[in-house]
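# Observations on the three-dimensional arrangement
Single-letter residue listing:
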Amino acid sequence: MAYVASGRPVGRPRQFYKYELPSGVVKVVRAQCADYSRKELCIRDGSVSAETLNAYIATNAAIDKALTDIEEVCRQHFLNDIAENRGYDRSQSQWCMSHNSYYKRKRKAIYEIARGLLLI
């Protein structure tokens, strides 16, 4: 990409969309997946109010339901990959599935989590 004297790039930046979902929805899904273990700990301890506890249970149940299509061995890896925005090359799920099946399942999981959380 060329630059003008002012330092700004010349030309149109390349647009790449990984998901059909809006980027804000994907960010919320990532945030909820990143917070999964903390909510699970609060559910076990019962250290929060009843309303918050019910919200945590509903959120984690939606995430668990969305990940049921993925093999049980890889579910935690997928949850971590979604939370940390990791791809196939850095994933621990490489040994059990191919590149195409990994991304197909990851996109479907993100879509199902968004539906379960009533974001779409």
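Residues numbered from 1 in each chain as written. Predicted model: local features only at pLDDT ≥ 70, side-chain atom pairs only at ≥ 80, totals over all residues. Heavy atoms only, no water.

### Description of the pattern of salt bridges
Note that side chains of opposite charge can pair when their charged atoms are close. Going by this rule: Any carboxyl oxygen of Asp or Glu that lies within 4 Å of a side-chain nitrogen of Lys or Arg is treated as forming a salt bridge with it. Relative accessibility thresholds used throughout: buried, under 20% of the residue-type maximum; exposed, over 50%; partly exposed, between the two (1.4 Å probe, protein chains only).
Applying the stated criterion across every chain, the model contains six salt bridges. We note a salt bridge from Arg86 to Asp81, for which the minimum N-O separation is 3.1 Å. The exposure class assigned to Arg86 is partly exposed, which follows from its relative accessible area of 21%. Salt bridges sharing partners connect three or more residues here, namely Asp81, Glu84 and Arg86.

### A closer look at the nonpolar core
One recurring pattern in soluble globular proteins is that nonpolar side chains are buried together. The following threshold applies: For the purposes of this section, nonpolar cores are sets of buried Ala, Val, Leu, Ile, Met, Phe, Trp, Tyr and Cys residues that join through side-chain atoms within 4.5 Å. For helices the rule is a DSSP run of H or I covering at least 4 residues; for strands it is a run of E covering at least 2, with both sets numbered from the N terminus onward. Contacts: residue pairs with any heavy atoms within 4.5 Å of one another.
By size, the foremost hydrophobic cluster in this structure holds 24 residues, and its most contacted members are Val29, Cys33, Ile63, Ile82 and Ile113. Secondary structure elements with two or more residues in this core: α1 (23-34), α3 (50-66), α4 (75-83) and α5 (99-116). In terms of residue count, α5 provides more of this core than any other element does, five residues in total. Not counting residues up to four positions away in its chain, the partners in contact with Ile63 are Gln32, Cys33, Tyr36, Leu79 and Ile113.

These figures capture arrangement, not role.
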